[in-house]
Structures are given as structure tokens and as C-alpha cells.
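Structure at a glance
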Amino acid sequence: MPVAVAVKDAPPAELLACPETPEGFPADAEAQMPAGVRAAAIRLAQAFRARGDQLVRLIRWHEPEACR
């Protein structure tokens, strides 16, 4: 026998908070790193960006004008 469960339409407020974007590397600094380390840093940065974009899309699904 199916059971009906009440579901909230929106997640808790703390999950709808827009993510903060951290500052990048200083423009006036330079460093040398091995190619493998550089590639890993790029992959991590791209993954971080993709997750942030995904979170913003989810937040905007609930609040279309959020995170503008």
C-alpha cells in the first residue's frame, strides 16, 4: 500500500545561499611548476568552477533571480 509523505517545495535556506567565488592567483606573481602539477591544478580549478555553476543553477531553479 503506497504511503503519501509531505515534501517541502524548497530546500533549507542555507542550501540556497549563493556560493562565494574566491580570489584567483595574484596577477603580479609568477611560479614554475611541473607540467603534471599544473595539469592537476587546472583540473581542480575547472571542477571547482563546474560545481559552483551547478550549485548556482540549482539555486536559480528555486529562486530565479538569485546569485545575479
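Looking now at the nonpolar core. Where a protein is soluble and globular, its nonpolar side chains tend to be buried together. Grouped together as the largest cluster of nonpolar side chains are five residues: Leu16, Val56, Ile59, Ala66 and Cys67. Setting aside residues up to four positions removed in sequence, Cys67 forms contacts with Cys18, Pro19, Val56, Ile59 and Arg60.

Moving on: the state of the cysteines. Scanning the entire structure with this criterion turns up one disulfide. Across the disulfide from Cys18 sits Cys67; the S-S distance is 1.9 Å. Sign of the S-S torsion, about -105° for the bond between Cys18 and Cys67, identifies this disulfide as left-handed. Residue Cys18 is located in the segment before helix H1 (35-62), and its partner Cys67 is located in the segment after H1; the two are separated by 49 residues in the primary sequence.

Calculation rules
Residues numbered from 1 in each chain as written. Predicted model: local features only at pLDDT ≥ 70, side-chain atom pairs only at ≥ 80, totals over all residues. Heavy atoms only, no water. Core = buried A, V, L, I, M, F, W, Y, C linked by side-chain atoms within 4.5 Å. Buried < 20%, exposed > 50% of the residue type's maximum accessible area, 1.4 Å probe, protein only. Contact = heavy atoms within 4.5 Å. Disulfide = S-S within 2.5 Å. Helix = DSSP H or I, 4+ residues; strand = E, 2+ residues; numbered from the N terminus.

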